[in-house]
Amino acid sequence: MSEIVLKIKEANLLGRGGANFPVWQKWQAVISNSGSEKYIICNGAEGEPDVEKDEFIIMHYAKELVEGIKIAINEISAKKAYIYLNHQYYSKYKDLLLSFSEGLPIEVVEKGKGYIAGEETAICEYIENGFAEPRQKPPFISDKGLWGKPTLLNNVESFYYVYKISKDEYNDKRFVSINGDVVNRGTFELSRMLTIKEMLLETKNYPEFDFFVQVGGGAEGLIMLPSELDVPLSGCGAIKVFNRSTTDLIKLMQYWADFLNKGNCDKCVPCREGMYRISEMIKNNDFNQKKLFEIFDVLEKTSFCALGRGASIPFRSLIEKLNFFEKYGKE
Amino acid sequence: MEKNRIKIEIDGKDLECLEGQTVLEVAIENGIYIPNLCYHSDLKPKASCRLCIVEIKNRKGYFTSCSTIVEDGMSIRSKGDDISKLRKTNLELIFSQHQEKCHDCIKSNNCTLLKLADKYNVDINRFSDRKSDFKEINFGPSIYFDPSKCIDCKNCVEACSKQNVGFLEVKEIGDFYQISPSEKINRDCVYCGQCVVHCPTGALQEVDSIELVESMMANKNKTVLFQIAPAVRTSIGEEFDMGYGTIATEKIAAGIRKMGIKNVFDVSAAADIVTMEESEELIGRISNGGILPMFTSCCPAWVKYLEFYHPELIPNLTSVRSPQVLFGGLTKTFWAEKKGIDPKNIFVVSVMPCTAKKYEIIRKENLVNGLNPVDAVLTTHELACLFKKHGIDLRDIEGENMTPLFGDATGAGVIYGSSGGVTESALRTAVHKLTGKNPESIEFSPFRGLEESKEATVVINGISLKVAVVNGLSNAEKLIQILKENPGIYHYIEVMACPGGCIGGGGQPLPTNSTVRKLRSQGLYNIDKDKKKRFAHESDLVKEVYDQFLNNEESKHKVCHTTYNKKEKENKYE
């Protein structure tokens, strides 16, 4: 194992896109692949609503980010690295990133349409064919990614911290976007060891009113109650606070449903038709609990990709934890 | 490279299989039924219907068997209450986007969706129909697309792109991606019907001609006659559970007579005339320095492909008409005169394995004395429907001969229905024309079999003929690209748009896959083998027609030959 991979392993850096996969394992898989042509993708799709941490890093640490990618380029002898950014970031930061990329085989690419276009295999498909639809896994992209070649894909934050690790400056922190009904909204670099509650306290955002939070993103994030917040933040670095007495739960769910219904790729039945039916029930405020939970079930267990499998998370957790049906009463 | 044999277990049954196979393939091979809808053995696994889910020991969650590659020692569970429940919900969601229009659906006889609804006790109306206001469209006179039945599996898009046609696309409309015909000016349907073959739900099927044919059958002023294409005889039996590849030539004739139609002609008999003309033209082009290679033209989807995508190669197409068109013209001239019938009152119905044949009959280049040679085309599937409507079951019917002479084909005419058959027929007769003798070996084996492309050099009387045979339009496209580099390397090229030739056509019974195609093809070669006459030039019809009618250039030109033109995009939608 090379020095940098060992360092990443010792730092126990977990992927910051949300899946928490050990970064060193991704690197090692691509390094040990016998293929000669290899690629890198730096994922800055940041497709979840209310997550702004990647933008924060690009805005403040573009140079360090590119350095992190450069380490990867050298380490795996990559033919090319793609920095993959959503429309907004692409127009704002393309030139900035390129200014630090001089002499490096780095291309900045604008993300395809839809939430799904941030999923790793869909990114490969989009860069190759212009159509963002996920691919069957396995093969994993570390084996067959872009153009069927071994591909290393990490989140913007992961690459930034690889740079910090290489400089021995990594101190087990992570970036967290905090927003919603809070006083100090923004992105903060916080110790990974803090619990969610401590994160809110440390940023002076812990509410005085009755609230709930959505953790991990404003669409597929999990709903958590104040009593559940004594745990570290897992998944994507985002906490959104909702005032329990002023939040319209139907409107909130409608927002998620519209976002997911529009942002999915329509490939598989549970996600395409299931999300549509969830959205329909919410829109008409006409819930059939049995139907709804059966749809959650097929979404979670039979969807093609992680987006579909995770699409029920916000709805299920909201309904269960906030006693939704007791309040809204309808069968 | 030889693939390793490995062992897996499905539902407690120990099975041997090959490395690289999918779980579903192994299950199918071993007669284990795992529900599936979007799977088709011709295409890449889509894994989109999510019905073929299974559980794999020591792996978390459920996996689609169509896209899971077997591993040695894998233990798979394909049944159970948990799996059934998930399949049931997914089926209900599929039905929510599929309007049941069963009464006139190509699938109604053998509908996987309905069978699964039954098996899993599905409430097919649990959700309202999402697509009830989706509008049907036609692709030319050939293909009918009803998107309200489409389950978005995209098999048709892959089939179309596999044909190098790319007319069917995925378009974003509102919150959904939908299958839509291309708006691009350089993309148009060639009517091959491979989308129909690969559609699991009947959202795509042929444009219905049954109504027109029935109205003509009821019209006392019309002499309606049916002519049957080669490939129909070994596939229509499937619609009556007679097994794949069963020969039903005589039963077809009897069935048609039972509906009150006296004259049943065999398009294979016309294929014999095509063979005469085409071998003559090929020899002519070779000896007179004509344009080579010469392309066959019996496949109208191929002709349209060339006219639209490669008009620069139109001169390479043989000028000989396709068998059905030639025969219709002959019927409305030679036969009409013999019988003393006004050709205007003759209504020729072709029964074809093909959707593009519905397009071919309206080509204005083919008019004979101002009349369309053929008035309607029924697909194999449509003829079966017509039979069923009339209470005719081919299993129970006693076979009858087709109309003498016009229904008497040689074996050479029958094998037209399989890829390589046209070539073999032409070569059998070309040898006779050049040497005065029939070839020693009647079977031209390099051109047999259902491989996508075959080629060989045939030496006749010191002349070396380099011949290529391809099926599937992307294979034709590959050949065209080779010709661009190296124009002189072939003399004769046979192209059939559909996999395996007409036996795999877009108007054939469903399912069609490689196993089915093989059996249908075998059936045709078996007919050839058992025929007393296996050379086009030995046909009685050929002798009589050339003696009495095609004995002058004018008649030949009028009935047997045609022209082609560059085609602009035909399918535009608002």
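Keep in mind that what you see is a predicted model, and the values were worked out from it rather than measured. (Residues numbered from 1 in each chain as written. Chains lettered and ligands numbered in written order. Predicted model: local features only at pLDDT ≥ 70, side-chain atom pairs only at ≥ 80, totals over all residues.)

Focus on the overall build of chain A
Next up, step 1: For chain A, the count of helices and strands is 13 helices and nine strands.
Next up, step 2: Rg of the C-alpha trace for chain A: 20 Å, near the compact-globule value of 20 Å for 331 residues, within the 12% margin.
Next up, step 3: Seen along its three principal axes, the alpha-carbon backbone of chain A occupies a region of about 60 × 45 × 35 Å.
Next up, step 4: By residue count, 51% of the 331 residues in chain A fall in the buried class.
Next up, step 5: For chain A, long-range pairs separated by at least 24 residues make up 67% of all intrachain contacts whose partners lie at least 6 apart in sequence. (Helix = DSSP H or I, 4+ residues; strand = E, 2+ residues; numbered from the N terminus. Rg over C-alpha atoms; globule rule 2.2 N^0.38 Å. Buried ≥ 20, exposed ≤ 12 C-beta atoms within 10 Å, placed from the backbone. Contact = placed C-beta atoms within 7 Å.)

Details of the overall build of chain B
Next up, step 1: Of the regular secondary structure elements, chain B holds 18 helices and 18 strands.
Next up, step 2: Here the C-alpha atoms of chain B give a radius of gyration of 24 Å, agreeing with the 25 Å that 2.2 N^0.38 yields for 574 residues.
Next up, step 3: When its C-alpha atoms are laid out on the principal axes, chain B stretches across 75 × 60 × 50 Å.
Next up, step 4: By residue count, 52% of the 574 residues in chain B fall in the buried class.
Next up, step 5: Of all intrachain contacts in chain B linking residues separated by at least 6 positions in sequence, the fraction that spans at least 24 positions is 75%.

Focus: helix 17 (residues 540–548) of chain B
Residues and elements named next belong to chain B.
Next up, step 1: Those residues of helix 17 lying buried are Leu-541, Val-542 and Val-545. Within helix 17, the buried residues cover an arc of 100° as seen down the axis, which keeps them to one side. Exposed residues pointing more than 90 degrees away from the buried face of helix 17 are listed as Lys-543, Asp-547 and Gln-548.
Next up, step 2: Elements that come into contact with the buried residues of helix 17 comprise helix 8 (267–287) and helix 10 (323–339). (Arc of directions from axis to C-beta.)

Points about unusual backbone geometry
Residue and element names in this part refer to chain A.
Next up, step 1: Here the amide bond leading from Lys-137 into Pro-138 is cis, since omega sits at -10°, within 30 degrees of zero.
Next up, step 2: With respect to the element layout, Pro-138 can be found in the loop between helix 5 (120–129) and strand 4 (151–155).
Next up, step 3: Here the residue pair Pro-138 and Pro-139 is connected by a cis peptide bond, since its omega of 5° sits within 30 degrees of zero.
Next up, step 4: A positive phi angle, near 65°, is found at Asp-50, a position not held by glycine.
Next up, step 5: As for its position among the elements, Asp-50 is in the loop between strand 1 (39–44) and helix 3 (53–76).
Next up, step 6: The phi angle at Lys-204 is positive, at roughly 60°, despite the residue not being glycine.
Next up, step 7: Here Lys-204 shows up in the loop between helix 7 (196–202) and strand 7 (211–215).

Quick look at the pairing of strand 11 (residues 223–228) of chain B
All names here are of chain B.
Next up, step 1: Counting buried residues in strand 11 gives six out of six residues, a clear majority hidden from the surface.
Next up, step 2: Neither face of strand 11 is exposed, since Thr-223, Leu-225 and Gln-227 on one face and Val-224, Phe-226 and Ile-228 on the opposite face are all buried.
Next up, step 3: Of the pairings in the sheet, the one linking strand 11 to strand 14 (residues 346–352) comprises six bridges and is parallel in character. When the bridges of strand 14 are listed, Thr-223 appears paired with Ile-346.
Next up, step 4: Note: strand 11 against strand 12 (residues 264–266), three bridges, orientation parallel. By the bridge assignment for strand 12, Ile-228 is matched with Asp-266.
Next up, step 5: For the crossover from strand 11 across helix 7 (residues 249–258) to strand 12, the handedness is right-handed. (Pairing = 2+ DSSP bridges. Right-handed = clockwise from strand over helix to strand, strands pointing away.)

Concerning the interface of chain A and chain B
Next up, step 1: Of the residues lining the interface, 20 residues belong to chain A; the matching set on chain B comes to 21 residues.
Next up, step 2: Contributing elements (two or more residues each) for the side of chain A that touches chain B: helix 8 (249–263), helix 9 (269–283) and helix 10 (289–302) of chain A.
Next up, step 3: Examining the composition of the side of chain A that touches chain B, we find that seven residues originate from one element, helix 9 of chain A, more than from any other.

Considerations on the sheet that holds strand 12 of chain B
Residues and elements named next belong to chain B.
Next up, step 1: The strand order 12-11-14-15 describes an open sheet built from four strands, whose pairing is parallel. The strands lining the two open edges of the sheet, one partner per strand, are strand 12 and strand 15 (376–379). In this sheet, neighbouring strand axes are inclined to one another by 25° on average, regardless of whether the strands run parallel or antiparallel.
Next up, step 2: Packed onto the sheet, helix 10 meets strand 11, strand 12 and strand 14 and runs at close to 155° relative to strand 14.
Next up, step 3: The sheet contacts of helix 12 (residues 380–389) involve strand 14 and strand 15, and relative to strand 15 the element is tilted by about 85°. (Axes fitted to C-alpha atoms, helices over the stretch in contact; angles between N-to-C directions.)

A look at the domain arrangement of chain A
All names here are of chain A.
Next up, step 1: Along its sequence, chain A is carved into domain 1 (3–166), domain 2 (173–243) and domain 3 (249–328).
Next up, step 2: Relative to domain 3, the C-alpha centre of domain 2 lies at a distance of 23 Å.
Next up, step 3: Counting from both sides, the interface comprises eight residues of domain 2 and, opposite them, 11 residues of domain 3.
Next up, step 4: At the level of secondary structure, the elements contributing two or more residues to the side of domain 2 that touches domain 3 comprise strand 7 and strand 8 (222–224).
Next up, step 5: Along the lines of polarity and charge, the residues of the side of domain 2 that touches domain 3 split into five nonpolar, two polar and one charged. (Domains from an automatic or database assignment. Nonpolar A, V, L, I, M, F, W, Y, C, P; charged D, E, K, R; others polar.)

Some details on the sheet that holds strand 7 (residues 143–145) of chain B
All names here are of chain B.
Next up, step 1: An order of 6-7-10 is seen for the three strands of this open sheet, with the pairing classed as antiparallel. Of all the strands in the sheet, the pair left with one neighbour each is strand 6 (137–139) and strand 10 (204–206). Put simply, the sheet's adjacent strands are angled 30° from each other on average, direction ignored.
Next up, step 2: Sheet topology places strand 6 next to strand 7; three bridges connect them, and they run antiparallel. Paired with Phe-139 across the bridge in strand 7 is Ile-143.

Some points on the domain arrangement of chain B
The parts lose accessible area when they come together, and the size of an interface is often stated as this lost area.
Residue and element names in this part refer to chain B.
Next up, step 1: When its domains are assigned, chain B resolves into domain 1 (5–79), domain 2 (99–206) and domain 3 (219–560).
Next up, step 2: Computed from C-alpha atoms alone, the centre-to-centre distance between domain 2 and domain 3 is 29 Å.
Next up, step 3: With 20 residues of domain 2 in contact, the opposing surface of domain 3 contributes 25 residues.
Next up, step 4: Across the side of domain 2 that touches domain 3, the residue classes break down as nine nonpolar, eight polar and three charged.

Section: the packing of helix 9 of chain A against helix 10 of chain A
All names here are of chain A.
Next up, step 1: With their axes 10 Å apart at the nearest point, helix 9 and helix 10 run at an angle of 150° to one another. By the criterion of interaxial angle, the relationship of helix 9 to helix 10 is roughly antiparallel. Where helix 9 crosses over helix 10, the two elements pack in a sense that is left-handed. Taken together, the residues of helix 10 that come into contact with helix 9 (itself represented by Pro-270, Cys-271, Gly-274, Arg-277, Ile-278 and Met-281) are Leu-292, Ile-295, Val-298, Leu-299 and Thr-302. (Parallel < 35°, antiparallel > 145°, perpendicular 65-115°, else oblique. Left-handed = near helix turned anticlockwise from the far one by under 90°.)

A few points about the pairing of strand 1 (residues 5–10) of chain B
All names here are of chain B.
Next up, step 1: Strand direction decides the pairing type here: strand 1 and strand 2 (residues 13–18), joined by six bridges, are antiparallel. Bridged to Lys-7 within strand 2 is Glu-16.
Next up, step 2: Two successive antiparallel strands, strand 1 and strand 2, enclose a turn made up of two residues, where Asp-11 displays a positive phi of approximately 50°.
Next up, step 3: Taken together, the two bridges between strand 1 and strand 5 (residues 75–77) define a ladder with parallel strand orientation. Paired with Ile-10 across the bridge in strand 5 is Ile-76.

Remarks on helix 9 (residues 300–309) of chain B
Next up, step 1: The buried fraction of helix 9 of chain B is high, at nine of 10 residues.
Next up, step 2: Within the span of helix 9 of chain B, buried status applies to Pro-300, Ala-301, Trp-302, Val-303, Lys-304, Tyr-305, Leu-306, Glu-307 and Tyr-309 of chain B.

Let's talk about the environment of Asn-401 of chain B
Residue and element names in this part refer to chain B.
Next up, step 1: Counting through the fold element by element, Asn-401 comes out in the loop between helix 12 and helix 13 (411–414).
Next up, step 2: Its 13 C-beta neighbours within 10 Å are what place Asn-401 among the partly exposed residues.
Next up, step 3: Considering only alpha carbons, one finds Asn-401 and Ser-142, 259 residues apart in sequence, at a separation of 30 Å.
Next up, step 4: Other than its neighbours up to four places away in sequence, Asn-401 contacts Glu-250, Ala-253 and Gly-407.

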